[in-house]
Amino acid sequence: MAERAHAHPGAAGRATAADHPGSIRNVVLVGHSGAGKTTLVEALALASGAIDRAGRVEEGTSLSDHDEIEQRRQRSVQLSLVPLRWDGIRVNLLDTPGYADFVGELRAGLRAADAALFVVSATDGVDGATRLLWQECAAVGMPRAIVVTHLDAARADFEEMTASCRRELGGDDPDTVVPLYLPAPGARRSDGTAPVTGLIGLLTGRLFDYTGGERTERDPDEGHRQLVAEARNRLIEGIIAQSEDESLMDRYLAGEDCDTKTLVEDLEKAVARGTFHPVLAAAPPPGVRGRGWAPWNCWN
């Protein structure tokens, strides 16, 4: 079921090309147990069109946790592979167990991976095991990105969590750990939680609103603009610092506007080299609680 090509615009007719060795990417998801790795895999499979309906860990219906023991314990105990296709690329998502008891499965996933997604819960933060794994990946130059989950929880704070990732994972150069988006929170509920209604793309400065169930695009609210400007400047400066074009920083400091296409190209190259690590956000869709993470993961 997970082999079916997704319905992304323009992807029709590319299934054969996606099976070419040069069009295959193995991406391993790592993080402590309960961070949301399996749920994120489920959401990505749904977004890509690989499945029609997302399963749930609590119900034992997720793609990754197919073993009876996993379904009973409601946690992963072995390495699982979920393939999907996106824009002519076959992506093999490798879901790993979070408990130290199953470290052998985690090591197997890391050895097979081209890149790693570090899944970090906004309510739990970065633990010691995650820091060690980050350092191991850094030693071999593996591309890495961070996905912050549980953003709808009562104690969730994306800004604070991003700052923690910069401190814990940025090492001597925290400016290489920078968010691509700011989550747009909705009205706070009586229990202290708040849904994430959309994302503000820091490169485009546009708000991608999912309140109605479909993505719409508009300008951010006035109250967000100062925060967006500060975060956008930090992101652009971080990308430029990693650019192979040494004149780009001089032009930026001189007040010249940076072309978004150029910034995206430099960002992708820096991520592929393993020298820049974008922070992404994931949360349940608005109005749907406990039903899976919406994969907010475009470059906009």
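What comes next is a walk through the structure. (Residues numbered from 1 in each chain as written. Predicted model: local features only at pLDDT ≥ 70, side-chain atom pairs only at ≥ 80, totals over all residues. Heavy atoms only, no water.)

1. Topic: the overall build of the chain
Under the convention used in this document: Helix numbers and strand numbers start at the N terminus; a helix is a DSSP run of H or I with at least 4 residues, a strand a run of E with at least 2. Exposure classes here rest on a 1.4 Å probe applied to the protein chains alone. A residue is buried below 20% of its type maximum, exposed above 50%, and partly exposed in between. We call two residues in contact when some of their heavy atoms are within 4.5 Å. Each accessible area is a Shrake-Rupley estimate made with a 1.4 Å probe; only the visible protein chains count as cover when residues are assessed.
When you go through the chain residue by residue, the secondary structure sums to nine helices and 12 strands. Each of the 300 residues in the chain was classed as buried or not, and the buried ones make up 49%. Pairs at least 24 apart in sequence give 62% of the contacts found in the chain among residues at least 6 apart. Within the structure as shown, the chain displays about 14,500 Å² of accessible surface, and the carbon and sulfur contribution to it stands at 49%.

2. Comments concerning the packing of aromatic side chains
For clarity, the cut-off: Between the rings of Phe, Tyr and Trp (Trp by its six-membered ring), a pair exists once the centres lie within 6.5 Å; its type follows the angle of the planes, with under 30 degrees stacked, over 60 edge-to-face, and the other angles tilted.
One pass over the full model with this rule turns up one aromatic pair. Where Phe 118 meets Trp 134, the ring centres are 4.9 Å apart and the plane angle is 65°; that geometry is what we call edge-to-face. Of this pair, Phe 118 sits in strand 4 (residues 115-121) while Trp 134 is found in helix 5 (residues 128-139), placing the two residues 16 residues apart along the sequence.

3. Some remarks on the sheet that holds strand 7 (residues 181-185)
Spelled out, the test is: Paired strands, in this sense, are two strands between which DSSP finds at least two bridges. Angles run from 0 to 180 degrees between N-to-C directions of axes, and those axes are lines fitted to C-alpha atoms, restricted for helices to the stretch in contact.
Within the open sheet, the four strands sit side by side as 7-8-9-10. Their pairing is antiparallel. Sheet topology places strand 7 and strand 10 (216-218) at the edges, where each strand pairs with a single neighbour. Recorded for the sheet is a direction-independent mean angle of 30° between the axes of neighbouring strands. Sheet topology note: the strand 7/strand 8 (residues 196-201) ladder contains five bridges and is antiparallel.

4. What about the environment of Phe 118?
Taking relative accessible area as the criterion, Phe 118 reaches 1% and is therefore assigned buried. Phe 118 sits 90 residues away from Val 28 along the chain, and the two C-alpha atoms are 8.5 Å apart. Apart from residues no more than four positions distant in its own chain, Phe 118 is found in contact with Val 30, Thr 130, Leu 133, Trp 134, Cys 137, Arg 144, Ala 145, Ile 146 and Val 147.

5. Remarks on unusual backbone geometry
Unlike most non-glycine residues, Asp 87 shows phi in positive territory, near 50°. Among the secondary structure elements, Asp 87 is positioned in the loop between strand 2 (80-86) and strand 3 (89-95). Of note in the backbone geometry, His 150 takes a positive phi value of approximately 60° without being a glycine.

6. Focus: the pattern of salt bridges
Inclusion rule: The term salt bridge refers to a side-chain nitrogen of Lys or Arg lying within 4 Å of a carboxyl oxygen of Asp or Glu.
Per the stated rule, a full pass over the model turns up 11 salt bridges. A salt bridge links Lys 261 to Glu 265; its shortest N-O distance comes to 2.5 Å. Linking Lys 261 with Glu 265, this pair stays in helix 9 (residues 260-273), spanning four residues, or about one helical turn. Classification of Glu 265 as partly exposed rests on a relative accessible area of 33%.

7. Some points on the packing of helix 7 (residues 225-242) against helix 9
Packed helices, taken two at a time, are described by the angle their axes make and the gap between the axes. So the rule is basically this: For any pair of crossing helices, the crossing counts as left-handed if the nearer helix is rotated counterclockwise from the farther one by less than a right angle, and right-handed if it is rotated clockwise. As a working rule, the residues Ala, Val, Leu, Ile, Met, Phe, Trp, Tyr, Cys and Pro are called nonpolar, Asp, Glu, Lys and Arg charged, and the rest polar, with Gly in that last group.
Remark: helix 7 packs on helix 9, axes separated minimally by 9 Å, with the N-to-C direction vectors making an angle of 65°. Between helix 7 and helix 9 lies a crossing of left-handed hand. Judged by residue contacts, Ile 236, Ile 239, Ile 240 and Gln 242 of helix 7 engage Leu 263, Asp 266, Leu 267, Ala 270 and Arg 273 from helix 9. Per-class residue counts for the contact of helix 7 with helix 9 are six nonpolar, one polar and two charged.

8. Examining the nonpolar core
Operational definition: Remark: nonpolar core denotes a set of buried residues (Ala, Val, Leu, Ile, Met, Phe, Trp, Tyr, Cys) joined through side-chain atoms within 4.5 Å.
Leu 93, Phe 118, Ile 146, Val 148, Leu 151, Leu 235 and Phe 276 are the most contacted members of the largest nonpolar core, which totals 71 residues. Of the residues forming this core, the biggest block, six residues, is contributed by helix 7. Residues in contact with Ile 146, not counting those within four places in the same chain, are Phe 118, Val 120, Trp 134, Cys 165, Leu 169, Val 177, Pro 278, Val 279 and Leu 280.

9. Concerning the pairing of strand 4
Most of strand 4 sits out of view: seven of its seven residues are buried. Taking every second residue as pointing to the same face, both faces of strand 4 are buried, with Ala 115, Leu 117, Val 119 and Ser 121 on one and Ala 116, Phe 118 and Val 120 on the other. As defined by bridge partners, strand 1 (residues 24-30) adjoins strand 4 across four bridges and the pair is classed as parallel. Looking at strand 4, one finds that Val 30 is bridged to Phe 118. Both strand 4 and strand 5 (residues 144-149) contribute to a ladder of six bridges, which runs parallel. By the bridge assignment for strand 5, Ser 121 is matched with Thr 149.

10. Notes on a negative patch on the surface
The condition is simple: Within the patch definition used here, like charges are joined within 9 Å and nonpolar side chains (Val, Leu, Ile, Met, Phe, Trp, Tyr) within 5 Å, considering only residues with over 30% relative accessible area and no salt bridge. In summary, the charge assignment counts Lys and Arg as positive and Asp and Glu as negative, without counting His or the chain termini. To locate a charge, the coordinates of NZ of Lys, CZ of Arg, CG of Asp or CD of Glu are taken.
Residues Asp 157, Glu 159, Glu 160 and Glu 230 make up a contiguous surface patch of negative charge. Here Asp 157 lies in the loop between strand 5 and helix 6 (158-169). On the basis of relative accessible area, Asp 157 is assigned to the partly exposed category, the value being 33%.

11. Things to note about the environment of Asp 259
Among the structural elements, Asp 259 can be located in the loop between helix 8 (247-253) and helix 9. Judged by relative accessible area, which is 45%, Asp 259 ranks as partly exposed. Between the C-alpha atom of Asp 259 and that of Leu 203, which follows or precedes it by 56 residues, the distance is 9.6 Å.

12. A short note on helix 7
Stated precisely, the cut-off is as follows: The span expected for a helix works out to 1.5 Å for each residue beyond the first.
Here helix 7 contains 18 residues, and its C-alpha end-to-end distance of 26 Å stays within 8% of the 26 Å for a straight helix at 1.5 Å per residue. Of all the residues in helix 7, the buried ones are Val 228, Ala 231, Leu 235, Ile 236, Gly 238, Ile 239, Ile 240 and Gln 242. Those residues of helix 7 hidden inside the fold are in contact with strand 6 (177-179), strand 7, strand 8, helix 8 and helix 9.

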